[in-house]
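Summary of structural features
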Amino acid sequence: MTTFRISPAVADAFPDTLIAVVTATGLRGHEPWPTTTTAVEDLERRLSDNTWAPADEADPRIEAWHTAYRSFGTNPRRTRPSVDALGRRMAKKGTLPRINPAVDSYNTVSVRHGLPAGAFDLDHVTGDIEIRYAEGTETFTPLGEPETVENPKPGEIVYTDTTDVLTRHWNHRDAHRTRVTEDSTHVAFVLETLHHTRDGHLLTAAAGELRDLLTVHAMGSTTHYLSPERPQVTV
C-alpha cells in the first residue's frame, strides 16, 4: 500500500486543489490496447479537422498552472507544466507521441481535458508519496537520463517518496526510477486541477475516461481523490 499526501503548506497555498489518483493492478502493457489507439487517433483527427484544439496558455486551466509555477520561482515559459508542453507539441506536430499503451492513455486524457497527468510505477516507489515544498537538498534523476542527478530549487513544489524526488516543478517532468513501461504492472496515475470549484467536473470525467481505458487491461483499478480537505489517501 502507498499513501499519497499533500503537505499542509501546499494545501494552504492551493486550497482549491483536487487530484485524482487512479490505480491499476495487474496491468498488461505488452498486449494491444485498441481503445487507446482509437482515442489517440480520434483526437489527432479532430485537431486536423479544426474541431478541437489543445488548451494553450491563454486558457484558464493552463494559466492557473503558470501562476502556480511563478509562485514557487519557476518560469512556466521555460519550464512548462506537462499538459502545456504536451498540448504545444501536439498543436505543432499534429500528433501525440507514442510511448507505450499506459502512457499514451493518460497523455490522451490529459491533453483532451487540459489537465496535467502523470504516473508512477508503484513497484519502484519507496515508502509514501508526498507533494511538498522542496528543501533543495533532495535529488532527482530525470526521465530518460539515468546518469543525471539534479537538485530542485528550495521552495519548488515536488512529488517525493522516501528516496528522492519523483516529479519536479509539481508536474513538469517525472523521474526515471518510477517511469511507466510496458513491464509496469502496478501503477498510480494522477490527474490534477488547481480549481476544483471550476474544473472538478473535468477532472472527474478525465479520471473516468482513464479508468475505462485501463480497466480492460488490468486485474483491477480504483480511483481516489486527494485535496486539502482530504490530504491523504492510501492506494
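All of the points below concern the structure found in this document. All values reported here derive from a predicted model rather than from experimental measurement.

Relative to the assigned elements, Glu-145 resides in the loop between strand 4 (129-133) and strand 5 (157-160). Linking Glu-145 and Asn-171, residues 26 residues apart in sequence, is a C-alpha distance of 17 Å. The contact partners of Glu-145, leaving out residues within four places of it in the chain, are Arg-173 and His-176. Looking at Glu-145, its side chain comes within polar contact range of the side chain of Arg-173, at 2.9 Å.

The rolling of a water-molecule-sized probe over the atoms marks out the regions of remaining empty space. Looking at the largest pocket, its volume works out to about 710 Å³. Elements represented by at least two residues in the lining of the largest pocket include exactly helix 4 (82-93), helix 5 (101-113), strand 3 (117-121), strand 7 (173-174) and strand 8 (186-193). Considering every element that reaches the lining of the largest pocket, the biggest residue donor is helix 4, with five residues. When its residues are assigned to classes, the lining of the largest pocket shows 16 nonpolar, eight polar and six charged.

The subject of this paragraph is the pattern of salt bridges. All chains considered together, the criterion is met by 17 salt bridges. Here Asp-128 makes a salt bridge to Arg-5, at a shortest N to O gap of 3.5 Å. Separated by 123 residues along the polypeptide, Asp-128 in the loop between strand 3 and strand 4 and Arg-5 in strand 1 (residues 3-6) bring together distant segments of the chain. According to the relative accessible area criterion, Asp-128 is partly exposed, its value standing at 29%. With relative accessibility at 25%, the residue Arg-5 sits in the partly exposed group. Taking the shortest distance from any N to any O, the salt bridge between Arg-77 and Glu-57 comes out at 2.6 Å. With a gap of 20 residues between them, Arg-77 in the loop between helix 3 (60-71) and helix 4 and Glu-57 in the loop between helix 2 (34-48) and helix 3 connect regions that are remote in the sequence. In this structure Glu-57 comes out as partly exposed when scored by relative accessible area, which is 24%. The network of salt bridges with shared partners includes Glu-57, Arg-77, Arg-80 and Asp-84.

Moving on, we get to empty space enclosed by the protein. Enumeration over the complete set of coordinates arrives at two cavities of 30 Å³ or more. Taken as a whole, the largest cavity holds about 40 Å³ of empty space. Lining the largest cavity we find Arg-61, Ala-64, Trp-65, Gly-114, Leu-115, Pro-116, Glu-192, Thr-193, Leu-194, His-195, Arg-198 and Asp-199. Counting residues per element, the ones that place at least two in the lining of the largest cavity are helix 3, strand 8 and helix 6 (196-215). A per-element tally of the lining of the largest cavity places helix 3 first, with three residues. Here the residues of the lining of the largest cavity sort into five nonpolar, three polar and four charged. Here the second largest cavity defines a volume of roughly 30 Å³. Along the walls of the second largest cavity sit Leu-27, Gly-29, Trp-33, Asn-100, Pro-101, Ala-102, Val-180, Thr-181, Glu-182 and Ser-184, which together make up its complete lining.

This part is about the environment of Val-21. Along the chain, the position of Val-21 falls in strand 2 (residues 18-25). With 120 residues separating them along the chain, Val-21 and Thr-141 place their C-alpha atoms 23 Å apart. If we skip the residues at most four places from it in the chain, Val-21 touches Phe-4, Ala-188, Phe-189, Val-190, Thr-222, Thr-223, His-224 and Val-235.

A few words now on the sheet that holds strand 3. Taken in spatial order, the four strands line up as 3-8-2-9 in an open sheet, and their pairing is antiparallel. The two strands at the open ends of the sheet, each matched to only one other strand, are strand 3 and strand 9 (220-226). The sheet shows a mean angle of 20° between the axes of neighbouring strands, taken without regard to direction. The pairing of strand 3 with strand 8 spans five bridges and is classified as antiparallel. Bridge pairing links Asp-121 to Val-187 in strand 8. Seen against the sheet, helix 5 touches strand 3 and strand 8 and runs at an angle of roughly 155° to strand 3.

Okay, the pairing of strand 5 next. The alternating pattern of strand 5 places Ile-157 and Tyr-159 on one face and Val-158 and Thr-160 on the opposite face, and all of these are buried. By the bridge criterion, four bridges tie strand 4 to strand 5 in an arrangement that is antiparallel. Bridge pairing links Ile-131 to Tyr-159 in strand 5. Alignment of strand 5 against strand 6 (residues 165-168), held across two bridges, turns out to be antiparallel. The residue of strand 6 that forms the bridge with Tyr-159 is Thr-167. Taken together, strand 5 and the strand that follows it, strand 6, pair antiparallel across an intervening segment of four residues.

Procedures and definitions
Residues numbered from 1 in each chain as written. Predicted model: local features only at pLDDT ≥ 70, side-chain atom pairs only at ≥ 80, totals over all residues. Heavy atoms only, no water. Helix = DSSP H or I, 4+ residues; strand = E, 2+ residues; numbered from the N terminus. Contact = heavy atoms within 4.5 Å. Polar contact = N/O pair within 3.5 Å; in protein donor to acceptor, adjacent residues only side chain to side chain. 1 Å grid on protein atoms, 1.4 Å probe; cavity = no way out; pocket = protein on both sides within 12 Å on 5 of 7 lines; lining within 4 Å. Points joined across faces, edges and corners; volume = space filled by probe spheres on them. Nonpolar A, V, L, I, M, F, W, Y, C, P; charged D, E, K, R; others polar. Salt bridge = Lys/Arg side-chain N within 4 Å of Asp/Glu carboxyl O. Buried < 20%, exposed > 50% of the residue type's maximum accessible area, 1.4 Å probe, protein only. Pairing = 2+ DSSP bridges. Axes fitted to C-alpha atoms, helices over the stretch in contact; angles between N-to-C directions.

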